[in-house]
Amino acid sequence: MMLTVAAVLELDVVRAGAPEVLAGAGFLDCPVRWVHVAELRNLADLLEGGELVLTTGLAFGDSAGDAADYLAGVEAAGAAAVMVELSGDRQA
């Protein structure tokens, strides 16, 4: 049985973090083949498709443009989703 992004979001351990879907709500039915925990700037080169990427966002860089480039690369590599854990001092 393969989990979807929606099913991962419903796991008790994930729900405890009160996740918010900020983008891509139409893709919650995507299957999750694998999970990567990574802070690599060039992670896209390591992905094969269907991955759930867990990150703190350090690899996003210092600007919105850098973050957009990172996320575009992960999307182009076929990742199922990116989950970002924000620390208390980074939350808005």
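See above for the structure.
Now for a quick tour of the structure. (Residues numbered from 1 in each chain as written. Predicted model: local features only at pLDDT ≥ 70, side-chain atom pairs only at ≥ 80, totals over all residues. Heavy atoms only, no water.)

## A few points about the pattern of salt bridges
Where side chains of opposite charge bring their charged atoms close, a pairing between them can arise.
Alright, step 1. As enumerated under the stated definition, the model contains 3 salt bridges in all.
Alright, step 2. Among the salt bridges present, the one from Glu10 reaches Arg15, with a minimum N-O distance of 3.9 Å.
Alright, step 3. Classification of Arg15 as partly exposed rests on a relative accessible area of 47%.
Alright, step 4. Its salt-bridge partner being Asp66, residue Arg41 comes within 3.9 Å of it at the nearest N-O pair. Of this pair, Arg41 sits in the loop between strand 3 (34–37) and strand 4 (51–55) while Asp66 sits in helix 3 (residues 64–76); the two residues are 25 residues apart in sequence, bridging distant segments of the chain.
Alright, step 5. The class of Arg41 is partly exposed, set by a relative accessible area of 44%. (Salt bridge = Lys/Arg side-chain N within 4 Å of Asp/Glu carboxyl O. Buried < 20%, exposed > 50% of the residue type's maximum accessible area, 1.4 Å probe, protein only. Helix = DSSP H or I, 4+ residues; strand = E, 2+ residues; numbered from the N terminus.)

## Here we look at the sheet that holds strand 3
Alright, step 1. A sheet is described by the order of its strands in space; here 3 strands give the open sequence 3-4-5, paired in parallel fashion. Looking along the sheet, the strands with just one partner apiece sit at the ends: strand 3 and strand 5 (81–84). Averaged over all adjacent pairs, the angle separating strand axes in this sheet is 20 degrees, with direction ignored.
Alright, step 2. Relative to strand 5, strand 4 runs parallel, the two sharing 4 bridges. Note on strand 5: the bridge partner recorded for Thr55 is Val84. (Pairing = 2+ DSSP bridges. Axes fitted to C-alpha atoms, helices over the stretch in contact; angles between N-to-C directions.)

Worth remembering: the numbers are spatial, not functional.
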